[in-house]
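Chain residues, written in single-letter form:
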Amino acid sequence: MKKLLLLHIFLFAFAATQSQTIDETLITGKWKVKKATALKDADKPETKELVAGFQKAIYTFNEDHSFAFETKSSAKMMEQLEKLFQNKKWIFDKKKKQIKVGLKNEGYTTIIFLVRTEEKKIIFTIEDAQIELVMKKQ
């Protein structure tokens, strides 16, 4: 019984050291999407357009908390989003594991990313659009 308890403690400690902590240090930097997936309404043309546009984008979370979004998509909707995200700031809610982008006086509500790690992958889920982005830091 004692050996089993020690084994569990060892495995727990090992898993804890292997898991990646989600914090501002992790988030800060330039990110590219490895894979984008719609979690809802995947067959709708506007959802397909969003998924394709987000897939082709670069997301930059600067140390000064400014946010930059660039996409290679020429879709009208993505061009509008690119303009919408200009001059925005980001904050990280560690408790909710959310990156909130926007302006302080508006409560950073332009876009919200839920962040999680899964099998050594960093995944951002765009809350409103229900689009999951498997990310890679550049």
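Every chain is numbered independently, its residues counted from 1 as its sequence is written. Local features are withheld for residues below a pLDDT of 70 in this predicted model, meaning they are given only at 70 or higher, and side-chain atom pairs are given and counted only at 80 or more; totals for whole chains, interfaces and linings count all residues. Side-chain figures throughout are based on the complete set of non-hydrogen atoms in the structure, without hydrogens or water.

Attention now goes to the pairing of strand E7 (residues 121-126). Look at any regular strand and the pattern is simple: side chains alternate between the two faces of the sheet. Three labels apply to residues, based on accessible area from a 1.4 Å probe with only protein chains included: buried if under 20% of the type maximum, exposed if over 50%, partly exposed otherwise in between. Helical segments are the DSSP runs of H or I of at least four residues, strand segments are the runs of E of at least two, and each set is numbered from the N terminus. Most of E7 sits inside the fold, with five of its six residues counted as buried. For two strands to pair, DSSP has to find at least two bridges joining them. As paired strands, strand E6 (residues 111-118) and E7 are joined by six bridges and run antiparallel to one another. Each bridged residue has a counterpart across the sheet, and for Val-115 the counterpart in E7 is Phe-124. The antiparallel pairing of E6 with E7 creates a hairpin that spans two residues between the two strands, and Glu-119 there sits at a positive phi of about 50°. One ladder, built from five bridges, connects E7 with strand E8 (residues 131-137); its direction is antiparallel. The residue bridging Ile-123 from the neighbouring strand is Val-134, located in E8. Between E7 and E8, which pair antiparallel and follow one another directly, the connecting turn spans four residues, one of which, Gln-130, has a positive phi of 55°.

This part covers a positive patch on the surface. On the surface, a cluster of positive charge is contributed by Lys-34, Lys-35, Lys-121 and Lys-136. Secondary-structure assignment places Lys-121 in strand E7. Here Lys-121 falls in the partly exposed class, since its relative accessible area comes to 38%. Patches were defined on residues exceeding 30% relative accessible area and lacking a salt bridge, with like-charge contacts within 9 Å and nonpolar side-chain contacts (Val, Leu, Ile, Met, Phe, Trp, Tyr) within 5 Å. Under the convention used here, a 1.4 Å probe and the Shrake-Rupley method define accessible areas, while residue burial counts only the protein chains that appear. By convention in these notes, a salt bridge is any Lys or Arg side-chain nitrogen within 4 Å of a carboxyl oxygen on Asp or Glu. Only four residue types enter the charge count, namely Lys and Arg as positive and Asp and Glu as negative; His and the chain termini do not. One atom stands in for each charge, and that atom is NZ of Lys, CZ of Arg, CG of Asp or CD of Glu.

Turning to the confidence of the model for the protein chain, a few remarks are in order. Close inspection of predicted coordinates is inappropriate for parts of the model with low pLDDT. Chain-level statistics for the protein chain give a pLDDT mean of 88 and a share of 86% at 70 or above. Scored between 0 and 100, pLDDT is the confidence that the predictor attaches to each residue. Looking over the protein chain, one finds the lowest element-wise mean pLDDT in helix H1 (residues 2-18), namely 46, and the highest in strand E5 (residues 98-102), namely 98. Pairs of residues are marked as contacts when any of their non-hydrogen atoms sit within 4.5 Å. Every residue in residues 4-8 scores below 50 in pLDDT, and together they form zero contacts with partners more than four places removed in sequence or on other chains. Here residues 10-19 is modelled with pLDDT under 50, and outside its nearest four sequence neighbours on either side it reaches zero contacts, counting other chains as well.

The subject of this paragraph is the environment of Gln-55. Looking at the element boundaries, Gln-55 is found in helix H3 (residues 45-55). Considering only alpha carbons, one finds Gln-55 and Val-33, 22 residues apart in sequence, at a separation of 5.4 Å. One polar contact links the side chain of Gln-55 to the main-chain amide nitrogen of Ala-36, over a distance of 2.8 Å. Each polar contact in these results corresponds to two N or O atoms within 3.5 Å; when the atoms are within protein, one needs to be able to donate a hydrogen and the other to accept it, and residues that are neighboring in sequence are counted only if both atoms are side-chain atoms.

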